[in-house]
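# Examining the three-dimensional arrangement
One-letter residues, chain by chain:
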Amino acid sequence: MQTQILERMESDVRTYSRSFPVVFTTARNARLTDEDGREYIDFLAGAGSLNYGHNNPKIKQALVDYLASDGIVHGLDFWTAAKRDYLETLEELILKPRGLDYKVQFPGPTGTNAVEAAIRLARNVKGRHNIVTFTNGFHGVTMGALATTGNRKFREATGGVPTVGGTFMPYDGYLGDGTDTLDYFEKLLTDKSGGLDVPAGVIVETVQGEGGINAAGLDWLKRLEQICQDNDILLIVDDIQAGCGRTGKFFSFEHAGITPDIVTNSKSLSGFGLPFAQVLMRPELDTWKPGQYNGTFRGFNLAFTTAAATLREYWSDDTFERDVQRKGRVVADRFAKLAAWITEQGIEASERGRGLMRGIDVGTGDIADKITAKAFENGLIIETSGQDGEVVKCLCPLTITDEDLLEGLDILEKSAKQALS
Ligand SMILES: *Cc1c(COP(=O)(O)O)cnc(C)c1O
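Residues numbered from 1 in each chain as written. Predicted model: local features only at pLDDT ≥ 70, side-chain atom pairs only at ≥ 80, totals over all residues. Heavy atoms only, no water.

## Points about the packing of aromatic side chains
Taken as a whole and assessed by the stated rule, the structure comprises 21 aromatic pairs. Ring geometry for Phe-251 against Phe-253: centres 5.0 Å apart, planes inclined by 20°, an arrangement best described as stacked. Judged by its relative accessible area of 0%, Phe-251 falls in the buried class. A residue is classified by how much of its surface remains accessible, and Phe-253, at 1% relative accessible area, is buried. Each ring, one from Trp-315 and one from Phe-320, has its centre 5.5 Å from the other, and the planes form 85°; the classification is edge-to-face. You can call Phe-320 buried: its relative accessible area is 9%. An aromatic cluster of three or more residues is present, and its members are Tyr-52, Phe-250, Phe-251, Phe-253, Tyr-314, Trp-315 and Phe-320. (Phe/Tyr/Trp six-rings, centres within 6.5 Å; stacked < 30°, edge-to-face > 60°. Buried < 20%, exposed > 50% of the residue type's maximum accessible area, 1.4 Å probe, protein only.)

## A few points about the pattern of salt bridges
Taken as a whole and judged by the stated rule, the model has 32 salt bridges. Taking the shortest distance from any N to any O, the salt bridge between Arg-98 and Glu-321 comes out at 3.9 Å. Here Arg-98, found in the loop between helix 5 (81–95) and strand 4 (103–105), pairs with Glu-321, found in helix 12 (residues 319–344); they are 223 residues apart in sequence, far enough to count as distant. According to the relative accessible area criterion, Arg-98 is partly exposed, its value standing at 23%. Through salt bridges that share partners, Arg-31, Glu-39, Asp-404 and Glu-407 make up one connected network. (Salt bridge = Lys/Arg side-chain N within 4 Å of Asp/Glu carboxyl O. Helix = DSSP H or I, 4+ residues; strand = E, 2+ residues; numbered from the N terminus.)

## Concerning the sheet that holds strand 1 (residues 24–28)
The mixed open sheet is built from four strands, whose spatial order is 1-2-3-15. A strand with exactly one partner marks an edge of an open sheet, and here the two such strands are strand 1 and strand 15 (380–381). Where strand 2 (residues 31–34) and strand 3 (residues 39–42) come together, three bridges link them in antiparallel fashion. Of the residues in strand 3, the one forming a bridge with Arg-31 is Ile-41. (Pairing = 2+ DSSP bridges.)

## Overview of the environment of Ala-200
Inspection of the secondary structure puts Ala-200 in the loop between helix 9 (182–190) and strand 7 (201–204). Sequence separation of Ala-200 and Ile-131 is 69 residues, and the distance between their C-alpha atoms is 5.9 Å. If we ignore the near neighbours within four places in the chain, the residues touching Ala-200 are Ala-122, Arg-123, Lys-126, Arg-128, Asn-130, Ile-131, Ile-233 and Leu-234. (Contact = heavy atoms within 4.5 Å.)

## Some thoughts on helix 5
Under the 1.5 Å per step criterion, the end-to-end length of helix 5 is 20 Å for 15 residues, consistent within 8% with the ideal 21 Å. The complete set of buried residues in helix 5 reads Ala-82, Lys-83, Tyr-86, Thr-89, Leu-90, Leu-93, Ile-94 and Leu-95. Buried residues of helix 5, seen end-on, are gathered within an arc of 150° and therefore sit on one face of the element. Opposite its buried face, helix 5 presents the exposed residues Ala-81 and Arg-84, each directed more than 90 degrees away. (Expected span 1.5 Å × (residues − 1). Arc of directions from axis to C-beta.)

Put into structure tokens, the structure is as follows:
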């Protein structure tokens, strides 16, 4: 495999190609093929951007048809038939059945673009600067979003410019079982000498992806919603990774029965791995003036087309979400068994997650890396997350076949046993 030019010309900032140093050529659903014709099962799925698999034929057909018909590809934020169709489909299949009433903003196409827009909107609505965020939260790496991202590696890469406007509170479980971390947040809000600037909004992932597959308790999320309501604070759920079906519901917050004021989506929103993001907001929060938040690539018509096709294909009824929940139980069960085996080897390990967003905490990044490196040798693409990279995480396509899912789990188990015994 010829990798010279890739190693020589691409910036050292590259990441995933270090863990998986081969040249990929084609992919279909949960299988990737490299230039030598070797196949890999994909438990990374574009960090959760490929919930419906690689080159999903049903979604691809909608894209090919649209291109063949000379449909608008780039239209700034023009009204297009593709945009209208997407909004109609989103309203009919997702929002109305869930009793949700949101207006939709299309920021630039990345997750961090959506987070920037969401926190700026919250600040403009409330006229306050502070955004409360949580330990181990990941919300993107542009300056505004970075202020709400916990990971020191990203926070230090600003050339010394301070990241301002975010205040960290302990996420659910941060102080161990038996402590409700929201006691601290609520105390600071009510204590006039607590030192906390009253926030415009709180931004939270219901399951932290990059932070280590930490799933907040449903009661904790309900209480967080209540605290926000009681204190005139906007609740922003960052559903960029946990949304679009990953946890077994379209929106991850559905499990808790809460209704955020603002929601961000990106990653799997297009259904096809195309760049696409949206901010959902309660209609009365839409205080933007025309063009006050802009960007050249707002709403990508190819992504409108694939996103609408995805919603029609997978979200017309609950068949798909029930299947995701079933597969999630399969992974949880196998991960619990593997964690028990690892613990028997003297390395304390535990299983965690929600739906098909699952991980095994093996304590240190070193051990996790040994397992994932061995898995790659054995034909499985799987990554780690958490503050030290100590969590081996499964983000396989939700559409993965049962055969591939079981084969991937077998490879992981075999690799862990090879790496640790
Ligand atoms: C990936 C991610 C982002 C950032 O999205 P980008 O497209 O990488 O900018 C923000 N929030 C969460 C929860 C994410 O997982």
